[in-house]
Amino acid sequence: MPDPVFRSMPLDGMTRIRLEELSRSMDLALDACDMCAIQDHFKSGTRAPTDVELEVIAQTWSEHCKHRTFNAVVEHGAEILDGLFKTFIRDVSTRISAGKGDFVLGAFEDNAGFIRLDEKFALCFKVETHNHPSAIEPYAGANTGLGGVIRDILGAGKGAKPVANLDVFCFGRPELSDDSVPENVIHPRDTMKGVVRGVADYGNRMGIPTVSGAVYFHEKFTHNPLVFCGTAGVIPVEDISKRVEPGMILVLAGGHTGRDGLHGATFSSLTLDEESHDTDRGAVQIGNPIEEKKLTDFILQSRIKGLIESINDCGAGGISSAAGEILSRTGGTLILDDVHLKETGLKTWEILLSESQERMILVIRLENLEPLRELAAVYETTCSVIGKVEDNGILQVVHGGETVCSLENSFLHHPPVKRLQSECRRPDSAAPTGSRKLKTLLADINICSREPVIRQYDHEVQGNTLIKPLAGAGGDCPQDGAVMQVRGSSKYFALGVSLTVHTGGDPFAMGHAAVDEAVRQVLVTGANPDKIALLDNFCAGDPRNPRDLGPLVECLKGLSSAAGIFQAPFISGKDSFNNTYQSPEGTESIPLTLLTSSIGIIDDSRHITGASIRRNDSLICLLGAEYNPQQAVMNYRAFYEAVQAGCILSAHDISDGGLAVALAEAAFSMKAGVEADTVQDIYAECPGRIIFEINAADREQVEEVFRNSQLSILGHTTAAHRRLVIRQRGQEVVNEPLEELKAIWQNALKPWC
Amino acid sequence: MAERPQALVLKFPGTNCDRETADALKLAGFNVSVMPVTQFAKDSLRTCRLLVLAGGFSYGDYVLAGKLAQLELECSAGNDLRSFTAQGGYILGICNGFQILLHLGLLPDGALVENESGRFICKWAGLHKTGVSSPFLEGLPAEFELPVAHAEGRFVHRTRIPESRIALRYSENVNGSMDSVAALQDATGRVLGIMPHPERFVRREQHYDRDWTGHPMWGWGYFFFKSIHDHILNEAL
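What comes next concerns the included structure. (Residues numbered from 1 in each chain as written. Chains lettered and ligands numbered in written order. Predicted model: local features only at pLDDT ≥ 70, side-chain atom pairs only at ≥ 80, totals over all residues. Heavy atoms only, no water.)

Observations concerning the overall build of chain A
Along its length, chain A carries 23 helices and 34 strands. Computed over its C-alpha atoms, the radius of gyration of chain A comes to 26 Å, within 12% of the 27 Å expected for a compact globule of 753 residues. Considering only C-alpha atoms, chain A reaches an extent of 85 × 60 × 45 Å along its principal axes. Within the structure as shown, chain A displays about 25,800 Å² of accessible surface, and the carbon and sulfur contribution to it stands at 47%. Computing the positive centroid from 71 side-chain charges and the negative centroid from 101, chain A places the two 3 Å apart. (Helix = DSSP H or I, 4+ residues; strand = E, 2+ residues; numbered from the N terminus. Rg over C-alpha atoms; globule rule 2.2 N^0.38 Å. Areas by Shrake-Rupley, 256 points an atom, 1.4 Å probe, with all protein chains shown as cover. Lys, Arg positive; Asp, Glu negative; His and termini not counted. Charge placed at Lys NZ, Arg CZ, Asp CG, Glu CD.)

Right, dumping it as structure tokens:
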């Protein structure tokens, strides 16, 4: 039997300052208030806490695991907000879901949110961030970021099958001169290369298509790049509900446990500084996608054979977090002696907290252990029994015959509620729009083709990607949402993303625009507007800084309002704070960044719509004018009616670069020249607008469908030339050969990627 | 009705195209079983007419893509693989399976190495037949396209490959392969290694262009699997 390595940590009589020092020296990332709460808790008992217990508490109470900021009481000007998550995301989503029958099958409880696909199958969806690790080790950070969110899907319900990945990145500007990047910070160019390769190497090896994403460059992300990784999964509806009952056992499956990735959960709650690159490397894990592939095959087969009662992934916080969550309602005992180790000499807390990758904890009935072990042998993965479920409400950990941790769930899972101040400021005036020239916009690295990145990802493995990230007649035009078929179902689903960054302007409007764009991304592919669900992923600076928190609160209000109007519920989400960098000149925060991801159901294969022009004798229509969400809802309903009537040949959402860029992108299929005339500003980026293509013969029917909507017939496609001609109130403002525009758009990212 | 011929899809740790490959084979008329390599035994090939090594990253492909799978397969099957074709069986290697077949020495000497671009490439490639007869290509037109997705798909050789062994060439050389090689076969035509993925284009809606006019229902990959299926059935008659 291995010897436990732990020590007693008496807290009695320690002052607040001493407690804070202890938190710092152990890298617990707990503030004085939390440390005092722990001290108080153990005062009433008969013994001092062990280091193992302090580590378990720190992990459980971390921002990463318990979302302390999103659950805090926030003073926002005169308002007192009792939990941002509850107020602006959960409550509104619960109300919306209640009106949608059995569409939402699970929200905010499991490792992913669930929606119904058809009678038999559900879809689940989750997006995570992996920002700090990717700043320090771009390849490994992105690699394990994707590995982690794939395990969220494997850990959803009784184990869902991952079927699609998405990846969204924010980097500093790639053209930045080398000497303007601090010595210990990785140049954005290299960060991008490492991150893209990390995602490609993991996703491709896992055999999960990477179908959707975004890349955004801004100087404010030089020190704190952002990496969002998402995965969608499929699971039979009856396998969604987990079961954890006394008498069941816990089995750790997958990779071995080592010292890699210690304190990831708490490390992500700290600011980065010049030393982070040296000191925090131990917090970044090392990915092994083949280990995870074997684990995936094993889990899916085990679920199909009915061996799994519940399952959770070992992510941040390792076994402590995964098993702690599993046992949070019942209690139970973990026995660490049989954990497969990569090396000897690990301290007890290190085994418990290790974030070694590719591990999952399964809850099974004892009689299923043998069949489970046989399957593990078939798929060449390991599994070991590490504990049992009990009904005492206590998380107990035993190592080498000694009890090293015994904590009541009632204490462990209820950290003190934080109180935060938020500064409610008048919105800044919107950032001035940049260039007003189509060619300059198409060459903008935030607008140009993502092809150099997209082609490095396998977006077709599994054979289900129907609308691919690049499609249209030449297979190289940008699309909005990706559309996937599901094996065994006659329904389809679309995935979309909207990345919004608060670089000025009104954060409330930003929240609105984010939801609108996410909805539009899947709507234009043919999704049913009644069957769209959302995820929110916020990244922000220091939540204790009222100036960082203020825009977040306002943005949440916008987000919440838009979700209500569009009747699109949130089903999952994740927030990432402390994206700050400490330099000798002071602390720099990233701008508030929100990724809103959407998943929508497409009811019929005939509704699937691409974003590229298909005919040379068709009409081009514009839906939407000044943004008014109530009007936008009506516009979208009419659009779906037109989709169902079979009137829409292609549709593209208007986003960065406005109408002019949207028209160019749609025309890059090179099937036709395009002539359009509009009264609107052709570069305006206001939300709520779609361009679409119809057969000229369908004009009357379309006008009837859109009679209560903001529809205008913008122009037509033509076989006479291959140019983009745009007139504003009759006056020609753009007249360029498409081939030239396309070359500019296709080549702009290549030098950096 | 003739009996459905049996196909066996072998799955290594890291093989990830097994399911869609099995689905494509079923669609073409095969009876299919997918077998993890740990279950593979001497008699696994007994009733099988077509052995398929599917795409993916066997054992991670960290050193010489397909090498570890070859060693594993030689341990478990050894000479059975050679006698399998001698006794009338067919072997198909797609992408990673092609790499494994080269290591096994079942195809002309050569190697699949890192793409000229140094990167993974996922796109569709135009292909054309060379005039060499292959039971896998009988039902396909002279030119067609399939998706490719690989990091190590550039075919290189030391001695020139006889024309009779080159089954398919890229129309536009996507990875820098010598002689634009996209698929190779052995002297008998019973073993085929192909870099593109026919299993990803069995239905027309899998094409990137909504207006693709090749066939009202099926994609080119369907005709690929259908060719070998029909060939095996006809042989049995």
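Re the side chain of S134 of chain B
Residue and element names in this part refer to chain B. Of note, S134 is situated in the loop between strand 6 (121-129) and strand 7 (143-150). Relative accessible area serves as the criterion here: at 3%, S134 is assigned to the buried category. Ignoring anything within four residues of it in the chain, the contact list for S134 reads Q185 and L192. (Buried < 20%, exposed > 50% of the residue type's maximum accessible area, 1.4 Å probe, protein only. Contact = heavy atoms within 4.5 Å.)

Section: helix 8 (residues 188-206) of chain A
Residues and elements named next belong to chain A. The end-to-end C-alpha distance of helix 8 is 27 Å, a good match for the 27 Å that 19 residues give at a rise of 1.5 Å each. With respect to burial, helix 8 is a largely interior element, 14 of its 19 residues being buried. Just downstream of helix 8 lies G207, where phi reads positive at about 70°. (Expected span 1.5 Å × (residues − 1).)

With respect to the interface of chain A and chain B
Contacts between the two partners involve 41 residues from chain A and, on the opposite side, 35 residues from chain B. Surface buried jointly by chain A and chain B totals about 3,200 Å² across both partners, of which 49% is contributed by carbon and sulfur atoms. Counting the contacts that link chain A with chain B gives six salt bridges. One salt bridge connects D297 of chain A with K11 of chain B, and the closest N-O pair in it is separated by 3.0 Å. Breaking the side of chain A that touches chain B down by element, the ones donating at least two residues are helix 8, helix 11 (289-304), helix 14 (369-378) and strand 18 (465-467) of chain A. Each residue belonging to the side of chain A that touches chain B can be placed in one class, and the counts come to 15 nonpolar, 12 polar and 14 charged. (Buried area = accessible area lost by both parts, 1.4 Å probe. Salt bridge = Lys/Arg side-chain N within 4 Å of Asp/Glu carboxyl O. Nonpolar A, V, L, I, M, F, W, Y, C, P; charged D, E, K, R; others polar.)

Describing the nonpolar core
Membership of the largest hydrophobic core comes to 79 residues, with the highest contact counts inside it found for L50 and L92 of chain B. Take this core: its biggest share by element is seven residues, from helix 5 (residues 220-236) of chain B. Beyond its immediate sequence surroundings of up to four residues, L92 of chain B is in contact with L50, L51, V52, L53, L101, F136, L192, I194, F224 and F225 of chain B. One finds V524, L549, L592 and C647 of chain A within the second-largest nonpolar core, a separate group that totals 65 residues. (Core = buried A, V, L, I, M, F, W, Y, C linked by side-chain atoms within 4.5 Å.)

Regarding the environment of G131 of chain B
Residues and elements named next belong to chain B. Along the chain, G131 turns up in the loop between strand 6 and strand 7. Taking the relative accessible area as the measure of exposure, G131 reaches 72% and is therefore exposed. Residues G131 and R169, 38 residues apart in the sequence, show an inter-C-alpha distance of 11 Å.

Regarding the pairing of strand 11 (residues 310-313) of chain A
Residues and elements named next belong to chain A. Of the two faces of strand 11, the one holding S310 and N312 and the one holding I311 and D313 are both buried throughout. Strand direction decides the pairing type here: strand 11 and strand 13 (residues 359-364), joined by four bridges, are antiparallel. Across the sheet, residue D313 finds its bridge partner in strand 13, namely M360. (Pairing = 2+ DSSP bridges.)

What about the packing of helix 7 (residues 138-154) of chain A against helix 11 of chain A?
Residues and elements named next belong to chain A. At a minimum axis separation of 11 Å, helix 7 and helix 11 run at an interaxial angle of 5°. By the criterion of interaxial angle, the relationship of helix 7 to helix 11 is roughly parallel. Taken together, the residues of helix 11 that come into contact with helix 7 (itself represented by G147, I150, R151 and L154) are E292, T296, I299 and L300. Partitioning the contact of helix 7 with helix 11 into residue classes produces four nonpolar, two polar and two charged. (Axes fitted to C-alpha atoms, helices over the stretch in contact; angles between N-to-C directions. Parallel < 35°, antiparallel > 145°, perpendicular 65-115°, else oblique.)

Some details on the pattern of salt bridges
Here the idea is simple: oppositely charged side chains can pair when their charged atoms come close. Residues and elements named next belong to chain A. Applying the stated rule across the entire model yields 52 salt bridges over all chains. In this structure, the salt-bridge partner of K557 is E554, at a minimum N-O distance of 3.4 Å. In this pair, K557 and E554 both sit in helix 19 (residues 546-566), three residues apart, roughly one turn of the helix. By relative accessible area, which is 16% here, E554 ends up buried. Residue D604 pairs with R606 through a salt bridge whose shortest N-O separation is 2.6 Å. Bridged by salt links that share partners, the residues K126, E128, D152 and K574 form one connected network.

Considering the sheet that holds strand 8 (residues 226-236) of chain A
Residue and element names in this part refer to chain A. The strand order across the open sheet built from six strands is 3-4-5-8-6-7, with neighbouring strands paired in mixed fashion. The open sheet has two edge strands with one neighbour each: strand 3 (104-106) and strand 7 (210-217). Shown here is a sheet whose adjacent strand axes are inclined to one another by a mean of 20°, direction ignored. Where strand 6 (residues 161-171) meets strand 8, nine bridges bridge the pair, whose relative direction is antiparallel. Each bridged residue has a counterpart across the sheet, and for C170 the counterpart in strand 8 is L226.

With respect to the sheet that holds strand 33 (residues 723-728) of chain A
All names here are of chain A. Taken in spatial order, the seven strands line up as 29-31-28-32-30-33-34 in an open sheet, and their pairing is mixed. The open sheet terminates on both sides in strands that have one partner only, identified here as strand 29 (650-653) and strand 34 (731-737). On average, each strand axis in the sheet is inclined to that of its neighbour by 20°, with strand direction left out of account.

Re the packing of helix 7 of chain A against helix 8 of chain A
Residues and elements named next belong to chain A. Where helix 7 contacts helix 8, the axes come no closer than 7 Å and their chain directions differ by 35°. Crossing handedness for the pair helix 7 and helix 8: right-handed. Judged by residue contacts, P138, Y139, A142, N143, L146, G147 and I150 of helix 7 engage T191, G194, V195, R197, G198, V199, D201, Y202, G203 and M206 from helix 8. Along the lines of polarity and charge, the residues of the contact of helix 7 with helix 8 split into nine nonpolar, six polar and two charged. (Left-handed = near helix turned anticlockwise from the far one by under 90°.)

With respect to the pairing of strand 9 (residues 166-170) of chain B
Residues and elements named next belong to chain B. Within strand 9, five of the five residues are buried, which leaves the element mostly enclosed by the surrounding structure. Note: strand 6 against strand 9, three bridges, orientation antiparallel. Residue pairing across strands places K129 opposite L168, the latter belonging to strand 9. In this structure, strand 9 lies alongside strand 10 (residues 181-185), joined through three bridges in antiparallel fashion. Residue pairing for strand 10: R169 is matched across the bridge by V181.

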